[in-house]
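# Coordinates in review
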Amino acid sequence: MLLIFVVLQTEEFLQLVQGTLESYVQTYSNGTPYHPSQEESNESNFVLAICGVITNIAAAPYGRHFLMGSTSGCQLVDSYVEVLMQLLPPTFPKLRKLLLMALYNVSINEQGMKFLCQKPGIISKLAFIITNDLCVENQEHALHLIQSLAYERQHPNLLHELLEVLPQRTLQELSKTSHPQVQQGILELMSDIMHLTREV
């Protein structure tokens, strides 16, 4: 009985996070000019806090399994992807960081990987973050997620999309001009792509 109560409470929390996140993003996507101080407000701190909880849940194997095994969890992950698509650098770097971390954690789960691979445009969005985000950490997290998705052999279209949005010439340029922390990730991605294209 206690377990059922805990599950119900968790489902309600996931629904709360989804509703709060979508409402928050909608509020600031109505043409209002973005200012960095917006992420310092009490409302923003609350959104970041509850999204941080989801990131921590997804960091554990059981948490990832629970998220992808429940309707509310899948709906929340879907919202994370949609919100990530909407947020354009340099706006909301802190929120984007939490979204990227959570989605990477979800990608470690088999169901989570399949779920994310079915999201059209996700590779292009991650590539855009890598090339345009001013936050080095976000570039790194986008790199990690794009590497994770590119290794999904059941969806070779993701690799083809990656080759289109981040061609060799672009990667070579990024490996020389990016922040040192990002350069290493770019070199690893180039090595991964070379390995994967040999297998295709």
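A short tour of the structure in this document, coming up. (Residues numbered from 1 in each chain as written. Predicted model: local features only at pLDDT ≥ 70, side-chain atom pairs only at ≥ 80, totals over all residues. Heavy atoms only, no water.)

Let us look at the packing of aromatic side chains. Tallying each qualifying case throughout the model produces one aromatic pair. Considering the side-chain rings of Tyr-24 and Phe-92, the 5.8 Å spacing of their centres and the 75° angle between planes classify their relative orientation as edge-to-face. One end of the pair, Tyr-24, is in helix 1 (residues 2–27); the other, Phe-92, is in the loop between helix 4 (71–86) and helix 5 (93–107), and 68 residues separate them in sequence. Just as Tyr-24 is buried, Phe-92 falls in that class too. (Phe/Tyr/Trp six-rings, centres within 6.5 Å; stacked < 30°, edge-to-face > 60°. Helix = DSSP H or I, 4+ residues; strand = E, 2+ residues; numbered from the N terminus. Buried < 20%, exposed > 50% of the residue type's maximum accessible area, 1.4 Å probe, protein only.)

Glancing now at the pattern of salt bridges. Enumeration according to the criterion identifies five salt bridges in this entry. Across the pair Lys-94 and Glu-40 runs a salt bridge whose closest N-O atoms are separated by 2.7 Å. You can see Lys-94 sitting in helix 5 and its partner Glu-40 sitting in the loop between helix 1 and helix 2 (42–58), a full 54 residues away along the chain. Here Lys-114 ties to Glu-110 by a salt bridge, and the two come within 3.6 Å at their closest N and O atoms. Here Glu-110 and Lys-114 lie together in helix 6 (residues 110–117), a separation of four residues that amounts to about one turn. Lys-114 sits in the partly exposed class, given a relative accessible area of 33%. On the accessibility criterion, Glu-110 (59% relative accessible area) is exposed. (Salt bridge = Lys/Arg side-chain N within 4 Å of Asp/Glu carboxyl O.)

Glancing now at the packing of helix 2 against helix 5. Across the interface, helix 2 lies against helix 5 with an axial gap of 8 Å and an inter-helix angle of 20°. In terms of their interaxial angle, helix 2 and helix 5 are classed as roughly parallel. Pair helix 2 / helix 5 crosses with left-handed handedness. Listed contacts from helix 5 to Val-47, Leu-48, Cys-51, Gly-52, Thr-55 and Ala-58 of helix 2 are Lys-94, Leu-95, Leu-98, Met-101, Ala-102, Asn-105 and Val-106. (Axes fitted to C-alpha atoms, helices over the stretch in contact; angles between N-to-C directions. Parallel < 35°, antiparallel > 145°, perpendicular 65-115°, else oblique. Left-handed = near helix turned anticlockwise from the far one by under 90°. Contact = heavy atoms within 4.5 Å.)

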